[in-house]
Amino acid sequence: MRKWLSALAVCLAAGTLTPAAAEQMPAGDGPGPNLVLQVGGSVKGKIVIDLLPQAAPNHVERIVKLTQDHDYDNVIFHRVIDGFMAQTGDVQFGKRGGDVTTAGMGGSKYPDLKAEFSDLPFERGTVGMARSASPDSANSQFFIMFAPAPHLDGQYTVIGHVISGMDVVDKIKKGDGSLNGLVKDPDYIVKATIE
C-alpha cells in the first residue's frame with residue numbers, strides 16, 4: 001500500500017498522473033472484486049489482486065469471466081523475468097499437464113480487447129494485461145510486476161495490484177534470461193477465484 005501511495009504522490013507532483021487517474025488508484029483493497037490465485041509448484045501460497053474496474057472495465061470483466069469459467073485453473077507462469085515480471089494467463093496453450101511449448105502465444109475463446117490505457121504507473125505489484133505489438137490485442141494473459149517499469153506506463157492496460165501475497169510472487173520460479181524468461185517446469189495457478 002505504501003508503494004502505491006508513494007507512486008501516487010510522486011506522479012501527482014511530477015504532473016504525470018491526472019486527477020481522474022489518481023481517483024482510480026486505490027490505497028489498499030478498493031471497491032473492485034479481488035482475484036485470488038492459489039499458486040502451486042516450487043512455491044505454494046495465495047496471491048490476492050485488487051481488480052480496478054474503474055480503470056479498465058472491459059479487461060476486468062474479461063478476467064472475472066475467465067475466472068468464473070475456471071479457465072485460469074492449472075495455467076502456468078510461462079514467462080518469468082527476474083527483477084521485471086511474472087506472466088501467466090494463457091488459457092489456450094498454457095494448461096499444466098498438456099503441451100505448453102507454445103504457451104504465451106494463445107488467448108481465450110473470447111475476442112481480443114480494445115486497449116484501456118490509463119495514467120496508472122507500473123510499480124511493484126501492479127498487474128497489467130499482456131498483448132502483442134497491437135495495442136488492441138490483450139485477451140487473457142496478464143503479468144505481475146516484481147519492480148517498477150516506467151517504460152510500460154501508458155503502453156499496457158493496468159487491471160489491478162497485489163494487496164497480499166507479494167512474498168509468493170517474489171518466489172515464483174524464474175525463467176531463463178537468455179530465452180526471454182522461458183520457464184522450465186514452471187509454477188502454476190492451482191485455482192483462481194473471485195471474491
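Preceding this paragraph is the structure being described.
Residues numbered from 1 in each chain as written. Predicted model: local features only at pLDDT ≥ 70, side-chain atom pairs only at ≥ 80, totals over all residues. Heavy atoms only, no water.

*Asks:* Help me understand the nonpolar core in this model?
*Replies:* One recurring pattern in soluble globular proteins: nonpolar side chains tend to sit buried together. By size, the foremost hydrophobic cluster in this structure holds 34 residues, and its most contacted members are L37, I47, I49, F142 and I159. Mapped by element, the contributors of at least two residues to this core are β1 (34–40), β2 (45–51), α3 (57–68), β6 (126–129), β7 (142–145), β8 (158–164), α4 (166–171) and β9 (188–194). Tallying contributions element by element places α3 first for this core, with 4 residues. Ignoring sequence-local partners within four residues, the contact set of I47 consists of L35, V36, L37, V39, I144, V162, S164, G165, V168, V169 and I172. L52, A55, A130 and A149 belong to the second-largest nonpolar core, a separate cluster that totals 11 residues. (Core = buried A, V, L, I, M, F, W, Y, C linked by side-chain atoms within 4.5 Å. Buried < 20%, exposed > 50% of the residue type's maximum accessible area, 1.4 Å probe, protein only. Helix = DSSP H or I, 4+ residues; strand = E, 2+ residues; numbered from the N terminus. Contact = heavy atoms within 4.5 Å.)

*Asks:* What's the story with the pairing of β8 in this structure? I'm lost.
*Replies:* Where a strand is regular, its side chains alternate between the two sheet faces. The buried fraction of β8 amounts to 5 of the 7 residues, a majority that puts the element mostly inside the structure. Bridge analysis of β2 against β8 gives 4 bridges, and the strand direction is antiparallel. Pairing of D50 across the sheet is with H161, part of β8. When β6 meets β8, the two strands line up antiparallel, connected through 3 bridges. Bridged to G128 within β8 is V158. (Pairing = 2+ DSSP bridges.)

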